[in-house]
Each structure stands twice: as C-alpha cells, then as structure tokens.
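Coordinate inspection notes
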Amino acid sequence: KNGDTISVPILDQGVKAEMVSLYRAGMAGEHPVAAALIENNAGISLPPGIMTVYDDSVGYVGDAQINGLPRDKKQSVSFAVDQKVNIGTAVKTSQNIVSLKVVDGMIHTKSSTVEVATYDITGAQDDERIVVVEVPKRSGWTFSAEGQDEATASDYRIKTSLKAGEKKTVETRYELVNDETVSLIDADAFTLVAWQEAAADDETKAKLIELADARRSQNDAQLKLQVLDEDYSRTSDEQARVRENLQAVGDGDTKNRFDKQLNVLEDKLTAIEGQRIEQRKVLE
C-alpha cells in the first residue's frame, strides 16, 4: 500500500557452487581456508555483495564478500579457516645454462631458471576434501602442474581430491629462459668455468678453460701488485724520513748510520720496483 515497503529478489536462481579447501601460495600458516568455488551459469553478470553460507548439518557457517562475477566465470569465496587440513610447502630453485656460443669476443648464453614448489597435503581425518591450490601467474614464466583447473585472470588453480585421512603431494613448476650477452673481457673466472660446462664444442670448452686460467692469473697478479704498491709506498715514506734526519745531523756515527739506512731502503725500493714490473707484465 501507499507508504509501505517490500523487499523482493532481483534474481532467485541457483548457480553451480563447489565447497573446497583453498590454499594460496605464500599463505601464512599451514591450514587452507574453507571456500566456495562459484561458477556463474545464471546467464547474467552478478553484482558484488555479501554471501551467506549454510551447511546442512551445522546450519550457519559464515559470511563472505563476493566480487562482481561475469557470467560463465568462476570465483572462489573464502569464509573460514579449515583447521582439519594441513599443508606443508617447500620451494627449490635451480639455474642451468642451456646453450652458449661466442661471436667476436661476445658470449651469448641462454639459461633456464626453474622453481619447483611442493605442497604436501594431509586431508581431514573424518571427511573427504577437495583441495584447490592457487599460485600467482608470472609474466614471462612457463607454468606446469598436474591437475590444473580453470585459471583466473591472476592465478593458476590445481585441484585434487582427498579421502578421509589421505595424504597427497601437489607439485608446481615455473620456468624462465633468459638470453644474455656479455663481453668475454668482463667475465670472471667462476663465470668462465660455468660457461665451459655448457659449451657446445670441445674447442670452445678448451678456450674457456684457458681464459679462466688467465683470469685467475690476472687476479693473483693484481693482488700481488696491490701488496707491492703498498710496500713501496711505506718504504718510500721511511726513506724520506731518514733523508730528513740525515740532513739534520752533523758528521759522525749518527750520520753514518742514517747513510747505511738510506742505502738499504734504496736497495729495497729497487727490488720492489722490479717485482712490480714483473706483475704488470703478467697483467698485460
């Protein structure tokens, strides 16, 4: 009647929904969340709003925020922590050189970075579970895993079913191939040895081993030259001090002693300079 209000549903229709235990990669803690995996098969887009969840056996379970859901799309909506399911994670990363070639003093390498994540899942002891693991998409990376479900715009989904008390392992794999070009003259010995293991032919391997040995010799010579430079500087300072003292004293035993020190220091400087010249030749 005039002045009264009535609330009526805009839409009263069923849509597909699947109860799952949802675990997102990087989550804190070892328990997934209880979630509903909703598929909008209502024929229209659904607006954002509040979703209330009921269970046939326990009644009201909880409320959750649902985002706008286009038709024929899926969305996971979480509303509680599933304390009965445990998930342990481990991540291993490895990097290998796939191919290598040398052109005009430049080395061209193609390397593969692989990240493997393992999810060890222990199901609920008293009931079956459908566990969904969500991992974020990465630009430029190739992803693979068994049991992949329909992905979202931002995540991959891996779905697995567990009987009561069952344990399963889900493994995901990311791979990224990198192309890199580096001047051989800038490569250190460790890098040269790593490249040698991936060289395509024996001649290139032999050259890289030779370069690695040369780089190590160069590094040793550089360190020795640095020590010699410091020794030369200290000896030169000492010589200057003795020369000042020599000029300050008259004839006698003290002057003779300073004369001998000056000669010893001069001989030492000559010897050090000879070693410096030798190390510079090694560097060249």
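Structure shown above.
Residues numbered from 1 in each chain as written. Predicted model: local features only at pLDDT ≥ 70, side-chain atom pairs only at ≥ 80, totals over all residues. Heavy atoms only, no water.

Describing the environment of alanine 153
Counting through the fold element by element, alanine 153 comes out in the loop between β10 (148-149) and β11 (155-162). The exposure class assigned to alanine 153 is exposed, which follows from its relative accessible area of 82%. Each C-alpha atom of the pair alanine 153 and proline 136 lies 9.4 Å from the other, and the pair is 17 residues apart in sequence. (Helix = DSSP H or I, 4+ residues; strand = E, 2+ residues; numbered from the N terminus. Buried < 20%, exposed > 50% of the residue type's maximum accessible area, 1.4 Å probe, protein only.)

Notes on the packing of aromatic side chains
For the structure shown, the criterion picks out 5 aromatic pairs. Seen from their ring centres, tyrosine 54 and tyrosine 60 are 6.0 Å apart, and the 70° between their planes marks the pair as edge-to-face. Tyrosine 54 gets classed as exposed once you look at its relative accessible area, which sits at 60%. One residue, arginine 138, lies across the ring of tryptophan 141, its end atom 5.1 Å from the ring centre. Positioned over the ring face of tyrosine 232 is arginine 276, at 4.4 Å from the centre of the ring. (Phe/Tyr/Trp six-rings, centres within 6.5 Å; stacked < 30°, edge-to-face > 60°. Lys NZ or Arg CZ within 6 Å of the ring centre and 35° of its normal.)

A look at the side chain of serine 183
In this structure, serine 183 sits in strand β12 (residues 167-183). Residue serine 183 is classed as buried on the basis of its relative accessible area, which comes to 19%. Other than its neighbours up to four places away in sequence, serine 183 contacts Gly105 and Met106. (Contact = heavy atoms within 4.5 Å.)

Let's talk about the pairing of strand β8 (residues 129-136)
Counting buried residues along β8, 6 of its 8 residues qualify, which places the element largely inside the surrounding structure. Where strand β1 (residues 16-24) and β8 come together, 4 bridges link them in parallel fashion. From the neighbouring strand, tyrosine 23 faces β8, where its bridge partner is valine 133. Sheet analysis places β8 next to β11, joined by 8 bridges and oriented antiparallel. Paired with valine 135 across the two strands is tyrosine 156, which belongs to β11. (Pairing = 2+ DSSP bridges.)

Quick look at the sheet that holds strand β6 (residues 86-103)
If you trace the 4 strands from one edge of the open sheet to the other, you get β6-β7-β12-β9, paired in antiparallel fashion. In this open sheet, the two strands that pair with only one neighbour each are β6 and β9 (142-145). Ignoring which end each strand starts from, the neighbouring axes of this sheet average 15° apart. (Axes fitted to C-alpha atoms, helices over the stretch in contact; angles between N-to-C directions.)

So, the layout of surface pockets
Estimated volume of the largest pocket: approximately 640 Å³. Lining the largest pocket we find 25 residues, and of these Met19, Asp55, Asp82, Asp127 and Arg129 sit closest to its centre. Class assignment of the residues belonging to the lining of the largest pocket gives a composition of 13 nonpolar, 4 polar and 8 charged. The calculated volume of the second largest pocket comes to roughly 500 Å³. (1 Å grid on protein atoms, 1.4 Å probe; cavity = no way out; pocket = protein on both sides within 12 Å on 5 of 7 lines; lining within 4 Å. Points joined across faces, edges and corners; volume = space filled by probe spheres on them. Nonpolar A, V, L, I, M, F, W, Y, C, P; charged D, E, K, R; others polar.)

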